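Geometric and topological summary
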Amino acid sequence: MYSEKVLDHFHHPRNAGEINESTAAIEATNPVCGDLLKLWALVREGRVADASFKVEGCIPAVACASLLTEMMKGRTLPELRLITAEQIEAGLDGLPSASKHASALAIGGLQQVLHQLG
């Protein structure tokens, strides 16, 4: 049902945890399924120096957040704005149609981070 990449990010999440001195910290919820995403970003010299997450939710929600944090690191704010749900899904070798809410939650969290960072 899930790709090997989805399962790898779920079983071995990248950047899980909190950043105590983050530049931005958000909490996003999917009201339909109840998944909860907490996302932290640390920006230095105009680039994301670190990003981390915590998720209470389904396997794809964890996988999407894990991949998103990898995609965020090293990017400028204008580059972050170019990340799409479709890119996250492609980076995980696809998601079942019933799980596309997970990439939408990740992007919603990213948009909230961008809003906090201005």
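1. Concerning the environment of A104
For A104, the position within the fold is in helix 5 (residues 100-117). We classify A104 as partly exposed; its relative accessible area is 47%. Along the primary structure A104 and K54 are separated by 50 residues, whereas in three dimensions their C-alpha atoms are 16 Å apart.

2. Description of the nonpolar core
Ranked by size, the top nonpolar core spans 34 residues in total, and within it M72 and I88 carry the most contacts. Looking at this core element by element, the count peaks at nine residues for helix 2 (residues 59-72). Setting aside its immediate chain neighbours within four residues, M72 contacts L39, A41, V48, A51, L80 and L110.

3. Overview of the sheet that holds strand 1 (residues 24-29)
Reading across from one edge, 1-2-3 is the order of the three strands in this open sheet, with antiparallel pairing throughout. Each edge of the open sheet is held by one strand with a lone partner, namely strand 1 and strand 3 (47-56). Direction aside, neighbouring strands of the sheet carry axes that sit 15° apart on average. Across six bridges, strand 1 lies against strand 2 (residues 36-44) in antiparallel orientation. Across the sheet, the residue bridging to A24 is A41, located in strand 2. Contacts from helix 2 reach strand 2 and strand 3, with the element oriented near 175° to strand 3.

4. With respect to helix 5
Its 18 residues place the ends of helix 5 26 Å apart at the C-alpha level, agreeing with the 26 Å of an ideal helix rising 1.5 Å per residue. Within the sequence span of helix 5, burial applies to A102, S103, L105, A106, I107, G109, L110, V113 and L114. For helix 5, the secondary structure elements touched by its buried residues are strand 1, strand 2, helix 2, helix 3 (77-80) and helix 4 (85-91). Positive backbone phi, at 85°, marks G118, one or two positions downstream of helix 5.

5. Comments concerning the pattern of salt bridges
Between side chains of opposite charge, pairing is possible as soon as their charged atoms come close. Going through the model one piece at a time under the given rule, you end up with eight salt bridges. Across the pair E70 and R14 runs a salt bridge whose closest N-O atoms are separated by 3.5 Å. You can see E70 sitting in helix 2 and its partner R14 sitting in the loop between helix 1 (4-11) and strand 1, a full 56 residues away along the chain. Among the residues examined, R14 registers a relative accessible area of 22% and is labelled partly exposed. Between D50 and K73 there is a salt bridge, with the nearest N and O atoms lying 3.4 Å from each other. On the criterion of sequence distance, the pair formed by D50 in strand 3 and K73 in the loop between helix 2 and helix 3 is long-range, its members being 23 residues apart. Here D50 falls in the partly exposed class, since its relative accessible area comes to 28%. The exposure class of K73 is partly exposed, given its relative accessible area of 34%.

Criteria and thresholds
Residues numbered from 1 in each chain as written. Predicted model: local features only at pLDDT ≥ 70, side-chain atom pairs only at ≥ 80, totals over all residues. Heavy atoms only, no water. Helix = DSSP H or I, 4+ residues; strand = E, 2+ residues; numbered from the N terminus. Buried < 20%, exposed > 50% of the residue type's maximum accessible area, 1.4 Å probe, protein only. Core = buried A, V, L, I, M, F, W, Y, C linked by side-chain atoms within 4.5 Å. Contact = heavy atoms within 4.5 Å. Pairing = 2+ DSSP bridges. Axes fitted to C-alpha atoms, helices over the stretch in contact; angles between N-to-C directions. Expected span 1.5 Å × (residues − 1). Salt bridge = Lys/Arg side-chain N within 4 Å of Asp/Glu carboxyl O.

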